[in-house]
Structures are given as C-alpha cells and as structure tokens.
Amino acid sequence: MRSGRRFSLPIDPWPQASLGERMSVGLVLTLLLVVPLCAASAMMVVSAAIGAYITWSYDLGASLRDALERQIGRMAGAHGRTFRKV
C-alpha cells in the first residue's frame, strides 16, 4: 500500500538551456571542484617536503654529533682524561 505523493525528478532540469549553456555550467562546476583539489595536493607536497627536510636535518645533526663525540673521545683518551657521554 502506497500512501502520500510519489516523488520524481524531472527528466530535464533546464528545458530551455542550450548545449553551450549546459557545458559552461558543467565547466564552472568542475573548475570549482578542481581548485580545492589542487590546493590540497599542493599542501600535501609542501608538508611532505618539510617532513623530509626535518628528517634529513635531524639525521645530519645526529651524525655530526656522533662524529664530534668520537673525536672528543679520542682526544680525551690521548691525554688520559675520560669522556663521559651525557
């Protein structure tokens, strides 16, 4: 048993619109979706580059610190002093 009105969409929402008008509306709607997608992808690329730089600089700093500690340890060992790593 059906009750109430039956809901149906019209077949053609713009019956008087020409093909050019429909294409221009579709193009505008597509461009409105493309702009946020490009902005989001650009933000992802920038954040990945920043993350890679942070990782690279941390690794470089850690390796430099290790090299300096080894050099200081050798210098301290040559003079009879002990080097304590903190």
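Preceding this section is the structure that the text describes.
Residues numbered from 1 in each chain as written. Predicted model: local features only at pLDDT ≥ 70, side-chain atom pairs only at ≥ 80, totals over all residues. Heavy atoms only, no water.

1. Let's talk about the overall build of the chain
A count of helices and strands for the chain gives one helix and zero strands. For the chain, buried positions account for 2% of its 86 residues. Split by element, the accessible area of the chain, about 8,400 Å² in all, is 69% carbon and sulfur. (Helix = DSSP H or I, 4+ residues; strand = E, 2+ residues; numbered from the N terminus. Buried < 20%, exposed > 50% of the residue type's maximum accessible area, 1.4 Å probe, protein only. Areas by Shrake-Rupley, 256 points an atom, 1.4 Å probe, with all protein chains shown as cover.)

2. Let's talk about a nonpolar patch on the surface
A cluster of nonpolar residues, Val46, Ile50, Tyr53, Ile54, Trp56, Leu60 and Leu64, forms a patch on the protein surface that exposes about 730 Å² of accessible area. Positionally, Leu60 belongs in helix 1 (residues 19–78). Among the residues examined, Leu60 registers a relative accessible area of 38% and is labelled partly exposed. (Patch = residues over 30% accessible without salt bridge, like charges linked within 9 Å, V, L, I, M, F, W, Y side chains within 5 Å. Salt bridge = Lys/Arg side-chain N within 4 Å of Asp/Glu carboxyl O.)

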